[in-house]
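# Architecture at a glance
Take a look at the letters that make up each chain.
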Amino acid sequence: MINQEDFFKKVISHAKEYGYIFQSSEIYDGLSAVYDYGQNGVELKKNIREYWWKAMVQMNENIVGIDAAIFMHPTTWKASGHVDAFNDPLIDNKDSKKRYRADVLVEDYVAKIEAKIEKEVAKAEKRFGEAFDKEQFITTNARVVEYKNQADAILKRLAKSLENEDLADVKALIEELEIACPESGSKNWTDVKQFNLMFGTKLGATADTAMDLYLRPETAQGIFVNFLNVQKTGRMKIPFGIAQTGKAFRNEIVARQFIFRMREFEQMEMQFFIKPGTQKEWYEHWKEARLKWHLSLGMGSENYRFHDHEKLAHYADAACDIEFRFPFGFKELEGIHSRTDFDLGNHEKYSGKKLQYFDPEENKSYVPYVLETSIGLDRMFLAVFSNSLQEETLEGGDTRTVLRLPFVLAPTKVAVLPLLKKDGLPEIAREIIDELKFDFSVSYDEKDAVGRRYRRQDAAGTPFCITVDHQTKEDQTVTLRHRDTMEQVRIPISELRSVISKEVDMRNWLQKIK
Ligand code: GAP
């Protein structure tokens with residue numbers, strides 16, 4: 001059995017080998033935490049974005065989309081709180097000279113305690129078999145309870161010190177837990193300092209007239225500043241949402257774990273504008289709706305969990321993450337935040353413009369409250385890609401690498417393979433492609449033995465292979481091979497479109513989240 005670290009290395013190398021993800025500017029040795037998407041990656045990313053967009057905008061009458069600019073007036077970031085509060089607590093190790101996020105060092109320590117709990121659970125599960133009651137075991141087993149209390153106490157104290165800006169206590173916690181530099185093993189730490197994550201740039205030609213700008217660290221603010229434009233021109237009635245996908249930039253210090261934490265990344269965010277006082281019910285609504293979206297992709301309900309925030313961001317009155325089981329453990333995939341009227345209220349204050357909604361039912365104007373769902377597209381990509389990559393042992397002992405991407409997201413839906421490069425078979429294959437390409441992304445492959453071509457398509461994640469052989473010339477049938485079951489059925493060319501549609505069409509997948 002391959003360990004998690006080696007598996008994660010395999011994920012990264014597979015992503016490169018099959019044209020999904022490359023290191024940015026690789027010929028110059030790359031740029032840390034910046035990545036490029038290759039020919040397959042761009043398609044998978046586009047499909048995830050489309051799946052999110054359709055579920056949000058197309059399926060909900062009261063949600064519309066926008067595409068705001070990355071550059072925004074600099075006061076935006078003063079009003080949003082990012083200039084003053086978008087900081088990470090950093091700590092340097094004096095011996096290795098390595099810089100870390102102090103909170104991440106503590107969280108990694110807690111993750112090790114959680115791993116111990118999981119180990120105890122797995123052991124007990126093995127021992128008790130069918131009769132095992134996980135919930136009971138976790139709440140009654142003395143060792144597990146002790147681990148759990150320990151982890152909770154550490155996280156509580158971290159949250160409290162961060163909340164109170166007590167950076168000296170964060171350092172004290174690191175020292176008390178005897179956390180060592182992962183690189184050097186040294187426990188010789190500097191004080192903890194705050195570091196703003198926004199990238200600055202300038203707009204304008206000359207130094208004295210140039211205006212200081214920031215690259216947006218979240219797409220949400222583009223929605224807030226356009227709240228009234230959309231509400232008025234779209235005649236939107238509360239509750240309604242505005243959705244947006246686009247790039248965001250953060251000068252992450254702990255930039256690691258491949259595309260999990262990047263400096264340039266893409267977000268898919270939706271701000272839902274509601275009547276003040278209704279935020280609790282909408283918070284529950286969107287938690288459920290977003291989990292349903294994830295589960296519709298069939299990546300295993302055991303791989304998701306909610307995590308309530310102990311330390312709330314400067315704008316929130318309630319917040320949680322949907323965490324996913326990545327190859328390095330459960331981590332945040334998506335955030336659901338009850339943002340109150342913090343953003344609109346502050347934009348009113350800083351701009352001097354009213355950002356209020358006249359509620360005809362209440363016959364009064366108010367600043368709406370906001371419920372936000374925010375997911376990283378790249379992080380979703382990593383969740384899908386790592387969950388899909390599997391090494392299988394087949395009957396007879398052979399192994400195959402298969403990328404079991406949800407069919408709806410796969411970059412190429414069908415590969416058409418002539419059995420031989422002669423006898424008119426390539427020509428028939430091309431005719432099939434010319435017909436199917438109006439509905440699906442299709443590729444052609446004639447190189448190597450057909451078995452090797454199947455393996456290549458399995459590893460690239462292609463759900464179907466169509467093989468054209470001599471019988472095709474006789475009776476207009478082909479074999480259709482299914483990636484996951486490897487089953488092959490013989491069907492008429494005329495039925496290909498409808499058979500494949502049933503499995504890959506977004507419509508059929510979206511129906512699961514109605
Ligand atoms: N508008 C709210 C907001 O930006 P966030 O929790 O900071 O909230 C939301 O970010 C999501 O964006 C995260 O759940 C994650 O999926 C993604 N994300 C944040 N920082 C990221 C980074 N450096 N690299 C990749 N994805 C990131």
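Computed from a predicted structure; not experimentally measured.

## Description of the overall build of the protein chain
From N to C terminus, the protein chain includes 18 helices and 23 strands. In terms of overall size, the protein chain behaves like a compact globule, its C-alpha atoms giving a radius of gyration of 26 Å where 514 residues would be expected to give roughly 24 Å. Over its C-alpha atoms, taken along the principal directions, the protein chain stretches across nearly 75 × 60 × 55 Å. Considering the protein chain as a whole, with its 514 residues, one finds that 50% of them fall into the buried category. Considering only residue pairs separated by 6 or more positions, the protein chain has 66% of its internal contacts joining residues 24 or more positions apart. Within the structure as shown, the protein chain displays about 25600 Å² of accessible surface, and the carbon and sulfur contribution to it stands at 49%.

## What about the side chain of Ser-388?
Its location among the elements puts Ser-388 in helix 13 (residues 377-388). Among the residues examined, Ser-388 registers a relative accessible area of 1% and is labelled buried. One polar contact links the side chain of Ser-388 to the main-chain carbonyl oxygen of Val-384, over a distance of 2.6 Å. Apart from residues lying up to four places away in sequence, Ser-388 is in contact with Val-402, Leu-403, Arg-404, Leu-405 and Pro-406.

## Structural notes on the sheet that holds strand 13 (residues 329-340)
Spatial strand order, 3-9-10-16-13-12-11: seven strands in an open sheet with mixed pairing. Edge positions in the sheet fall to strand 3 (63-65) and strand 11 (304-308), since each has one partner strand and no second. On average, each strand axis in the sheet is inclined to that of its neighbour by 25°, with strand direction left out of account. Where strand 13 meets strand 16 (residues 369-376), six bridges bridge the pair, whose relative direction is antiparallel. In the sheet register, Glu-334 faces strand 16, and the bridge partner there is Ile-375. Across the sheet, helix 13 is in contact with strand 10 (264-274), strand 12 (318-326), strand 13 and strand 16; its angle to strand 16 comes to roughly 45°.

## A look at the UniProt feature "binding site: substrate" (unreviewed entry) in the protein chain
UniProt records the feature "binding site: substrate" (unreviewed entry) at Arg-101, Glu-218, Phe-265, Glu-266, Gln-267, Met-268, Glu-269, Glu-372, Thr-373, Ser-374, Ile-375 and Gly-376, using the numbering of this structure. For this annotated set, covering 276 residues, the C-alpha atoms extend up to 25.8 Å from each other, a dispersed arrangement in space. Topologically, Thr-373 is positioned in strand 16. Residue classification places Thr-373 among the buried residues on the basis of a relative accessible area of 1%. Residues within four places of Thr-373 in sequence aside, it is in contact with Met-56, Met-268, Glu-269, Met-270, Trp-286, Arg-290, Glu-334, Gly-335 and Ile-336. On the secondary structure map, Gly-376 appears in strand 16.

## Some remarks on the sheet that holds strand 4 (residues 87-92)
Strand order in this open sheet of three strands is 5-4-6, and the pairing throughout is antiparallel. With partners counted over all chains shown, the strands left at the sheet margins are strand 5 (99-101) and strand 6 (193-196), one partner each. Each adjacent strand pair in this sheet contributes to an overall mean axis angle of 45°, direction not counted. As paired elements, strand 4 and strand 5 share three bridges and run antiparallel to each other. Across the sheet, the residue bridging to Asp-92 is Arg-99, located in strand 5. Each of strand 4 and strand 5 is contacted by helix 5 (residues 102-128), which is oriented at about 70° to strand 5, the strand it contacts most.

## Some thoughts on the packing of helix 7 (residues 142-163) against helix 8 (residues 167-176)
Across the interface, helix 7 lies against helix 8 with an axial gap of 9 Å and an inter-helix angle of 155°. By the angle between their axes, helix 7 is roughly antiparallel relative to helix 8. Taking contact as the criterion, the partners of Ile-154, Arg-157, Leu-158, Ser-161 and Leu-162 in helix 7 are, on helix 8, Asp-169, Val-170, Ala-172, Leu-173 and Glu-176. Within the contact of helix 7 with helix 8, the residues separate by chemical class into six nonpolar, one polar and three charged.

## Concerning the site of the ligand
In the region of the ligand, 22 residues are neighbours, and Glu-218, Arg-250, Met-262, Glu-269 and Glu-332 sit closest. In the model, a nitrogen atom of the ligand is placed 2.8 Å from a nitrogen or oxygen of the Glu-252 side chain. Here Gln-267 contributes a side-chain N or O atom positioned 3.0 Å from an oxygen atom of the ligand. Isolated, the ligand exposes 550 Å² of accessible area, and the fraction of that covered by the protein chains is 93%.

## Some thoughts on the pairing of strand 17 (residues 389-393)
Within a regular strand, side chains alternate between the sheet's two faces. Both strand 17 and strand 18 (residues 399-403) contribute to a ladder of five bridges, which runs antiparallel. Residue pairing in the sheet places Gln-390 in a bridge with Val-402 of strand 18. Linking two consecutive strands that pair antiparallel, namely strand 17 and strand 18, is a turn of five residues; a positive phi of about 95° is found at Gly-396 within it.

## Topic: the domain arrangement of the protein chain
Examined at the domain level, the protein chain breaks down into domain 1 (1-70 + 216-389), domain 2 (86-194) and domain 3 (398-511). Between the C-alpha centres of domain 1 and domain 3 the distance comes to 34 Å. On the domain 3 side, the residues contacting the 21 residues of domain 1 number 18 residues. Roughly 1700 Å² is buried in total at the junction of domain 1 and domain 3, and carbon and sulfur atoms are behind 71% of that figure. Here domain 1 and domain 3 share zero salt bridges between them. Here domain 1 and domain 3 share six residue pairs in polar contact (both at pLDDT 80 or more) between them. Of all the elements in the fold, those that place two or more residues in the side of domain 1 that touches domain 3 are helix 1 (4-17), helix 2 (41-58) and helix 13. Ranked by residues supplied to the side of domain 1 that touches domain 3, first place goes to helix 2 with eight residues. Within the side of domain 1 that touches domain 3, the residues separate by chemical class into twelve nonpolar, five polar and four charged.

## Structural notes on the packing of aromatic side chains
Per the stated rule, a full pass over the model turns up 25 aromatic pairs. When the centroid spacing of 5.1 Å and the interplanar angle of 65° are considered together, the rings of Tyr-304 and Phe-324 count as edge-to-face. With Tyr-304 in strand 11 and Phe-324 in strand 12, this residue pair connects regions lying 20 residues apart in the sequence. Summarising the burial analysis for this pair, Tyr-304 and Phe-324 share the class buried. Taking 5.5 Å as the distance between ring centres and 80° as the angle between the ring planes, the aromatic pair formed by Phe-324 and Phe-326 counts as edge-to-face. Against the face of Phe-306 rests Lys-287, its NZ or CZ located 4.8 Å from the ring centre.

Cut-offs and rules
Position labels on residues start from 1 in each chain and follow its written sequence. Residue-level local features of this predicted model are given only where pLDDT is at least 70; pairs of side-chain atoms are given and counted only at 80 or more, and the full residue set underlies all totals for whole chains, interfaces and linings. As a rule here, side-chain values cover all heavy atoms of the structure and leave hydrogens and water aside. Numbering of helices and strands runs from the N terminus; a helix is a DSSP stretch of H or I covering at least four residues, while a strand is a stretch of E covering at least two. A radius of gyration in this sense is built from C-alpha atoms; the matching globule rule multiplies 2.2 Å by the number of residues raised to 0.38. The cut-offs for exposure are 20% and 50% of the maximum accessible area for each residue type, with area from a 1.4 Å probe on protein chains only; residues under the lower value are buried, those over the upper are exposed, and the others partly exposed. Two residues form a contact once any of their heavy atoms are found within 4.5 Å. Surface accessibility in these figures is a Shrake-Rupley result with a 1.4 Å probe; residues are shielded only by whichever protein chains are displayed. Polar contacts, as used here, are pairs of N or O atoms within 3.5 Å; protein pairs need one atom able to donate a hydrogen and one able to accept it. Residues neighboring in sequence count only if both atoms are side-chain atoms. A pair of strands is treated as paired once DSSP finds two or more bridges between them. Comment: axis = line fitted to C-alpha atoms, over the contacting stretch for helices; angle = value between 0 and 180 degrees taken between N-to-C directions. UniProt positions are given in the numbering used here, feature names are shortened, and annotations may be inferred rather than shown by experiment. Angle categories are assigned with fixed cut-offs, so that under 35 degrees is roughly parallel, over 145 is roughly antiparallel, 65 to 115 is roughly perpendicular, and the rest are oblique. Residues are grouped as follows: Ala, Val, Leu, Ile, Met, Phe, Trp, Tyr, Cys and Pro are nonpolar; Asp, Glu, Lys and Arg are charged; every other residue, Gly included, is polar. Here a residue is considered near a molecule or strand provided that any single heavy atom belonging to it is located within 4 Å of it. How far each domain reaches was decided by an automatic or database domain assignment. Accessible area that two parts lose when put together, with a 1.4 Å probe and added across both, is what the buried area reports. We count a salt bridge whenever a side-chain nitrogen from Lys or Arg sits within 4 Å of a carboxyl oxygen from Asp or Glu. We call Phe, Tyr and Trp rings a pair once their centres come within 6.5 Å, taking the six-membered ring for Trp, and we label the pair stacked below 30 degrees between planes, edge-to-face above 60, and tilted otherwise. Placement of a charge over a ring requires the Lys NZ or Arg CZ to be within 6 Å of the ring centre, with the centre-to-atom vector within 35 degrees of the ring normal.

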